[in-house]
Amino acid sequence: MGAKRRKLSNPLALAVMALLSERPMHPYQIAQTLRQRGKESSVKINFGSLYTVVQNLEKHGFVEVAEVQRQGNRPERTLYGLTSAGHEEMLEWMADLLAVPTHEFPLFETALSLMGVLPPDEVTSLLEERMSALRVQAAGMRGVLEALYETLPRLFVIETEFRLRMIEAEEAWIHGFVKEIGEGSLSGLDGWRTLHETGRPPPEWQELGQERPLDTAGEPDTAVESDTAGASDTAVSDTVREGDHSRKP
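Here's a quick rundown of the structure. Source: prediction; values computed, not measured.

Details of helix α4 (residues 84-99)
With 16 residues, α4 should reach 22 Å at 1.5 Å per residue; the first-to-last C-alpha distance of 23 Å fits that figure. Among the residues making up α4, those that are buried are G86, E89, M90, W93 and D96. On an axial view of α4, the arc spanned by its buried residues comes to 135°, and they lie on one face. Exposed residues on α4 whose side chains face more than 90 degrees from its buried face are S84, L98 and A99. Buried residues belonging to α4 abut α1 (11-20) and β2 (77-82).

Below, the structure is given as structure tokens:
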């Protein structure tokens, strides 16, 4: 079952509701609390747009004015509290995020899907550079976590621990992939090298573009055959052109 389509999709709105579930706050106090708790590392916080987020939450009935404070000649400060509708929305939204995996289209995954436009040796060099950066990030994060574990329950830093494990997993995967390229055991490597040595995809790659697509019943779909074949030929041609460009000074 997919996640429910929500009236607000900005994760900052969820962070605001989570804080207001503790007690009413004014927007500046919300921003300060998020910063103090280090949430800017896990939630993209644009403090300039925080007031807009609060206004949108109020428009949808998820927060309401709880109190207006005035001290001396200082400007009024409006404190907002979470409504019952906001509390329900917060719980449902949180449950969706925890239970339902979503495809977030990370940029590194995009790069991997298109890396064939570069020669294998260059890709190896670039990935080794990335591994070095990941190791530095992981080492710094381990130091931060060790210090935080001394003063805070693990529950309060669990998102940082998760991010560290993802960095470690990515570094380990890249290490194995680079090793496959170096050993020559990567499936498709010979064709990849041929593409950049000759400027043309190997015959077995060209044959892939000629395969007939299947419809949902498992039979060839003749209605889309010509369009799909044309698209495949275009994709191969684009890759060859990119390969030619990569060898020109």
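The structure having been displayed, the exposition proceeds.
Observations concerning the nonpolar core
In terms of nonpolar packing, the biggest core is built from 25 residues, with L12, V16, M17, L20, I30, L34 and L57 touching the most fellow members. Those elements that provide at least two residues to this core are α1, α2 (27-36), α3 (50-59), β2 and α4. Top element by residues in this core is α1. It accounts for eight residues. The residues contacting L34, other than those within four sequence positions of it, are L12, A15, L19, K39, E40 and I45. F108, M131, L134 and L186 belong to the second largest nonpolar core, which has 19 residues in total.

So, helix α7 (residues 158-183)
Helical geometry note: an α-helix holds 3.6 residues per turn, so side chains three or four residues apart project in the same direction. Taking 1.5 Å of rise per residue, 26 residues should cover 38 Å, and α7 covers 38 Å from first to last C-alpha, within 8% of that figure. Looking only at α7, the buried set comprises E159, T160, E161, L164, I167, E171, I174, F177, V178 and I181. Elements that come into contact with the buried residues of α7 comprise α5 (107-114), α6 (120-149) and α8 (189-198). Positive backbone phi, approximately 80°, marks G184, located one or two places after α7.

Digging into the packing of α1 against α2
Between α1 and α2, the shortest axis-to-axis distance is 11 Å and the interhelical angle comes to 100°. By the angle between their directions, the pair α1 and α2 is classed as roughly perpendicular. For the pair α1 and α2, contact is made by L12, A15, V16, L19 and L20 and by I30, T33 and L34, respectively. When grouped by side-chain class, the residues that make up the contact of α1 with α2 number seven nonpolar, one polar and no charged.

Looking at the environment of P119
Secondary-structure assignment places P119 in the loop between α5 and α6. Measuring from C-alpha to C-alpha, the distance between P119 and W192 comes to 7.4 Å, with 73 residues separating the pair along the chain.

Focus: unusual backbone geometry
A positive phi angle, close to 50°, is found at F105, a residue other than glycine. Mapped onto the secondary structure, F105 falls in the loop between α4 and α5. When its relative accessible area of 60% is taken as the criterion, F105 is described as exposed.

Reading the values: the criteria
Residues numbered from 1 in each chain as written. Predicted model: local features only at pLDDT ≥ 70, side-chain atom pairs only at ≥ 80, totals over all residues. Heavy atoms only, no water. Helix = DSSP H or I, 4+ residues; strand = E, 2+ residues; numbered from the N terminus. Expected span 1.5 Å × (residues − 1). Buried < 20%, exposed > 50% of the residue type's maximum accessible area, 1.4 Å probe, protein only. Arc of directions from axis to C-beta. Contact = heavy atoms within 4.5 Å. Core = buried A, V, L, I, M, F, W, Y, C linked by side-chain atoms within 4.5 Å. Axes fitted to C-alpha atoms, helices over the stretch in contact; angles between N-to-C directions. Parallel < 35°, antiparallel > 145°, perpendicular 65-115°, else oblique. Nonpolar A, V, L, I, M, F, W, Y, C, P; charged D, E, K, R; others polar.

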